[in-house]
Amino acid sequence: MWVLVILMFFSLLVALIFLGAFIWAVKSGQYDDKYTPSVRILLDDELKINTDQKRKEK
């Protein structure tokens, strides 16, 4: 029975370590998207042209 308690303790410990690592990674900016804003600038012009064309067609 003590084996289950020990395994539960270590599993919780490992889960907390991974949670802490995940929170640290998010706060340090490792999940920041650096590619999309540079591409979004290019796509916004196409979207404006398409919406302007749709407005003219109506």
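Predicted model, so just to flag it, every value in this text is computed and none were measured.

Some points on the overall build of the protein
Piece 1. Within the protein one finds 2 helices and 0 strands.
Piece 2. Going through the 58 residues of the protein one by one, you find that 3% of them count as buried.
Piece 3. Taken as a whole, the protein presents about 6000 Å² of accessible surface, with 69% of it coming from carbon and sulfur.

Description of the packing of aromatic side chains
Piece 1. In this structure the tally under the stated criterion is 2 aromatic pairs.
Piece 2. Between Phe9 and Phe10, the aromatic rings sit 5.5 Å apart at their centres with planes inclined by 70 degrees, giving edge-to-face as the arrangement.
Piece 3. Here Phe9 falls in the exposed class, since its relative accessible area comes to 52%.
Piece 4. A residue is classified by how much of its surface remains accessible, and Phe10, at 46% relative accessible area, is partly exposed.
Piece 5. Ring plane angle 55 degrees and centroid distance 5.9 Å describe the contact between Phe22 and Tyr31, whose orientation is recorded as tilted.

Criteria and cut-off values
- Each chain has its residues counted from 1, following the order in which its sequence is written.
- Where local features are concerned, this predicted model is filtered to residues with pLDDT of at least 70; where side-chain atom pairs are given and counted, the filter is 80 or more; whole-chain, interface and lining totals use all residues.
- Values shown for side chains rest on all heavy atoms present in the structure; no hydrogens or waters enter the calculation.
- Strands are runs of DSSP state E lasting at least two residues, helices are runs of H or I lasting at least four, and both sets are numbered from the N terminus onward.
- Note on exposure labels: buried denotes an accessible area under 20% of the residue type's maximum, exposed denotes more than 50%, and partly exposed covers the range between, all computed with a 1.4 Å probe on protein chains only.
- Calculation of accessible area relied on Shrake-Rupley with a 1.4 Å probe; when residues are assessed, cover is drawn exclusively from the protein chains displayed.
- Here is the rule: rings of Phe, Tyr and Trp (six-membered ring for Trp) pair when centre to centre is within 6.5 Å. Planes less than 30 degrees apart are stacked, more than 60 are edge-to-face, and the remainder are tilted.

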